[in-house]
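# Residue-level structural notes
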Amino acid sequence: MENQNYKNHRKFYTPHHFIYLPLLIIMEFFGISQIFNDKGNKQVWILFSIVIFLLFYLAIMVRQHYALGIQNRLVRLEFKQRYFEIFGQRSDEVDEKLTFDQIAALRFAYDDEFRELLYKALHENISGNEIKKSIKNWRADHYRI
């Protein structure tokens, strides 16, 4: 398996991202073109295009909403556990000062860099993206959704 880093850490689900969604996009463009080309069935093609658009919208929103909601909760729990293991105390006060973007980015840092980057996030308010770019030794996460 390839080493994970900033440039390759995003994950795609092939059937969803490269088959189902492109197929819906093609069908949507086909339906819209038929609205202008098939004057006799214009209303049918309008309805077809609306249904395909709604399927496309629903496919993106539902999949992302549930998967990311659960993943975000797990990321927060992982941060709390890791903070406790490193510092021996609860993270409630620290957790409230960080954005989710910062917490998520800190997952990719090993413990030695975690301390330093956490300090920068709290005192210099660096963004999650800046945290990711600052990581020298990337801690891969191959279980993301």
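My aim in this report is to walk through the structure given alongside it, one point at a time. Remember, it's a predicted structure, so these values are computed and weren't measured experimentally.

### Structural notes on the pattern of salt bridges
A complete count under the given rule lists seven salt bridges for this structure. The closest approach of N and O atoms between Asp95 and Lys80, which form a salt bridge, is 3.2 Å. Note that Asp95 is positioned in helix H3 (residues 92–97) and Lys80 in helix H2 (residues 42–87), a separation of 15 residues in sequence. Taking relative accessible area as the criterion, Asp95 reaches 11% and is therefore assigned buried. When its relative accessible area of 30% is taken as the criterion, Lys80 is described as partly exposed. Between Lys120 and Glu116 there is a salt bridge, with the nearest N and O atoms lying 4.0 Å from each other. Here Lys120 and its partner Glu116 are both found in helix H5 (residues 111–123), four residues apart, which amounts to about one turn of the helix. Residues participating in the shared-partner salt-bridge network are Arg76, Lys80, Arg90, Asp92 and Asp95.

### Quick word on H5
Note: α-helices contain 3.6 residues per turn, so residues at a spacing of three or four share the same orientation. With 13 residues, H5 extends 18 Å from end C-alpha to end C-alpha; this agrees with the ideal 18 Å at 1.5 Å per step. Every buried residue of H5 is listed here: Glu113, Phe114, Leu117, Leu118 and Ala121. Around the axis of H5, the buried residues are gathered within 135 degrees of arc, so they sit on the same side. H5 presents Asp112 and His123 as exposed residues on the side facing more than 90 degrees away from its buried surface. Taken together, the buried residues of H5 touch H2, H3, helix H4 (100–106) and helix H6 (128–134).

### A word on the nonpolar core
In terms of nonpolar packing, the biggest core is built from 20 residues, with Phe79, Leu98, Leu106, Leu118 and Ile131 touching the most fellow members. Among the secondary structure elements, those contributing two or more residues to this core are H2, H4 and H5. Sequence-distant contacts of Phe79, that is, excluding residues within four places in its chain, are made with Ser91, Val94, Asp95, Leu98, Ile103, Leu106, Phe114 and Leu118.

### A closer look at a nonpolar patch on the surface
Residues Ile46, Ile50, Phe53, Leu54, Tyr57 and Met61 make up a contiguous nonpolar surface patch of about 570 Å² in total accessible area. Here Phe53 lies in helix H2.

What counts, and where the lines are drawn
- Residues numbered from 1 in each chain as written.
- Predicted model: local features only at pLDDT ≥ 70, side-chain atom pairs only at ≥ 80, totals over all residues.
- Heavy atoms only, no water.
- Salt bridge = Lys/Arg side-chain N within 4 Å of Asp/Glu carboxyl O.
- Helix = DSSP H or I, 4+ residues; strand = E, 2+ residues; numbered from the N terminus.
- Buried < 20%, exposed > 50% of the residue type's maximum accessible area, 1.4 Å probe, protein only.
- Expected span 1.5 Å × (residues − 1).
- Arc of directions from axis to C-beta.
- Contact = heavy atoms within 4.5 Å.
- Core = buried A, V, L, I, M, F, W, Y, C linked by side-chain atoms within 4.5 Å.
- Patch = residues over 30% accessible without salt bridge, like charges linked within 9 Å, V, L, I, M, F, W, Y side chains within 5 Å.
- Areas by Shrake-Rupley, 256 points an atom, 1.4 Å probe, with all protein chains shown as cover.

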